[in-house]
Amino acid sequence: MAAMSDHGLKRIVWKRIKDTIITDCRKSEVWKILILDSFTTKLLSSCCKMSDLMAEKITIVEDLFKNREPVAEMKAIYFMTPTAKSVDAFIADFKRKPKYKGAYVYFTDYCPDDLFNNMKLYCAKYIRVCKEINISFMPVEAQVFTCDDPGAFRNIYSPHSQVKRKTLETLADQIVTLCATLDEYPGVRYKKDMENAITLAELVDTRLARHYELDDNGKKKEKTQAQLLIVERGFDPVSPILHELTYQAMAYDLLDIQNDTYMYKSKDGSEKQALLNEDDMLWVKLRHKHIAEVSEEIPKMVKEISANKKQPDGKITISNLAQMMKKMPSFRKQLTEKTIHLQLAEDCMKPFSSNVEKLCKAEQDLAVGSDTDGVKVKDPMRTLLPVLLYPYSKYDKIRAVLLYIFSLNGTTDENLNKLIQHVQIEDEREFILNWKELGVPIITSPSLFSRKQTRRDRPQEGRYSLSRWTPVIKDVMEDAVENKLDAREWPHQSECPTAWNGSGAVSARQKHKPNAQDERRTGSRLIIFVIGGISYSEMRAAYEVTQAVKSCEVIIGSSHILTPTCLLDDIKALSKGPMETLTIEERSNT
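Residues numbered from 1 in each chain as written. Predicted model: local features only at pLDDT ≥ 70, side-chain atom pairs only at ≥ 80, totals over all residues. Heavy atoms only, no water.

Student: Tell me about the packing of helix α1 (residues 8-26) against helix α7 (residues 164-182), and name the residues and values.
Tutor: α7 packs onto α1 with a crossing angle of 80° between their chain directions and a minimal axis gap of 10 Å. Comparing their axes, α7 and α1 come out roughly perpendicular. For the pair α1 and α7, the contacting residues are L9, I12, V13 and R16 in the first and L178, A180, T181 and L182 in the second. A class-by-class count of the residues in the contact of α1 with α7 yields 6 nonpolar, 1 polar and 1 charged. (Axes fitted to C-alpha atoms, helices over the stretch in contact; angles between N-to-C directions. Helix = DSSP H or I, 4+ residues; strand = E, 2+ residues; numbered from the N terminus. Parallel < 35°, antiparallel > 145°, perpendicular 65-115°, else oblique. Contact = heavy atoms within 4.5 Å. Nonpolar A, V, L, I, M, F, W, Y, C, P; charged D, E, K, R; others polar.)

Student: Would you mind going over the pairing of strand β8 (residues 187-190) in detail, with residue names and values included?
Tutor: On β8, burial covers both faces: G187 and R189 on one face and V188 and Y190 on the other are all buried. Two elements, β8 and strand β9 (residues 226-232), share 4 bridges in a ladder whose sense is parallel. Paired with Y190 across the bridge in β9 is I230. (Buried < 20%, exposed > 50% of the residue type's maximum accessible area, 1.4 Å probe, protein only. Pairing = 2+ DSSP bridges.)

Student: Can you break down the packing of aromatic side chains residue by residue, with the values?
Tutor: Per the stated rule, a full pass over the model turns up 17 aromatic pairs. Aromatic pair Y78 and F94: ring centres 6.0 Å apart, planes at 55°, arrangement tilted. With Y78 in strand β3 (residues 71-80) and F94 in the loop between α4 (84-92) and β4 (100-107), this pair connects stretches of sequence that are 16 residues apart. The pair formed by Y78 and F94 is uniform in burial state, with each residue classed as buried. Clustering of aromatic rings is evident, with ring pairs tying together Y78, F90, F94, Y100 and Y126. Of note, K95 hangs over the ring of Y122, and the distance from its end group to the ring centre comes to 4.3 Å. When the ring centre of W469 is taken as origin, the NZ or CZ atom of R455, which lies over that ring, is 4.9 Å away. (Phe/Tyr/Trp six-rings, centres within 6.5 Å; stacked < 30°, edge-to-face > 60°. Lys NZ or Arg CZ within 6 Å of the ring centre and 35° of its normal.)

Next up, the structure:
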């Protein structure tokens, strides 16, 4: 289990679990067993650690689907998703010979009547408690959540999908549990002309109204100081394709980081791993900084530690750190933390120095539409051509070609065929053509009128020349908190609270002294949901706007988090045949 986070969504989820599951069970002083399915294992691991459970008299954590020895004298807590598979496994524990003295049953979400009636039929006399606690989303970071469903992308955007509506209904249910966990009843808005966003907004609004129809006192809950904006991935195809040079986004793009685990080799050649999550406070401090700042800061931190022990000055290397750790065992933990990030930063810089740095200028010029001096790019093909002629990887060339096409709002058939030949993807043209399924123009004609989005003016002073692009969603966040969102572009599915003013009349562009990330916020909340995945740069934007506008917390979520390579693979796969939708539990087991 991961260590417990002290702030944000993870803290709120853990508090919710404590206030329901743990409080019920605390009434009985005996030690208990906790039984989880795949989804709830992941959920609980994200927000607490084993010692937290031990402190609550939970002595064993078991897998619902694995063979378990009966412990007839103990009571068991079942925390599971309301699926046929989970309920059948629960019934099997009690149907013939009961494995436990009694069962406290908690579902992540609403349990269908047929499953509930089955449980009653076979297990009624063993069930002490049966509750639904409304947490079917995954708290990934302090201000980021997912529905833990990468497959939703294909289910929604594949032209062969038979389950688009069902997938959107599941996402709507999960978003409602997020709102319930935050105790928010937001006004819902959506991006105009985006079919899936309109459908999801309707579904969420209907389900929120049903959920909040009557509160515990029999009164209807009023809207809270919150807005929920729903948009689709095609709204900004540029941000998830660009090479990002902030630490977190760069690491997940250039390195093979799976399940937030960074694998690396120590000086002695042994394989090591580190978890990149919010229990590592240095990661939290550095993750949104530009790699240039990170590369300066970590050696400085190490020098501060070595200065305390009168270590000689000199270049900080991994080898030096290993020597220092032997000499200074009391500083081992601090130095280990710095060593991990020194190694991670070095691993990011290797591909950057050899290839990515050259790519970035062309990418930025194409994305922004102007060069570092602010001069408009008149001929995007001249910017793209050096990338096509250099031996970059296939994926890097595809990314550059897409940025070229996005900059023009589509290109001609003839031009596209030439580009595909240049990149040598004649048999894999779906990498590019399938973006049309997201509503992104790929093929255009002179008669087709297309309007580019109006962007906020942002001064270039003090900004890195290879990091000039700002995710479009950041403009939306700033407009929303300043109450400047155009109602024609962002219609209301349901009215927002009349007193909504996310910014407290403070411009999101004004600079404030950053406050502690775990400071309790008492203002309004802006929740953004992007259908089709979010990028790490968009996650960063949520924190930046929250820091700038202290009176509003921005929370961003999606079905899953994207990396550029995974997104391109998903786009290409949209041409494949139909795919069945999976429940939360079935997804976790695949």
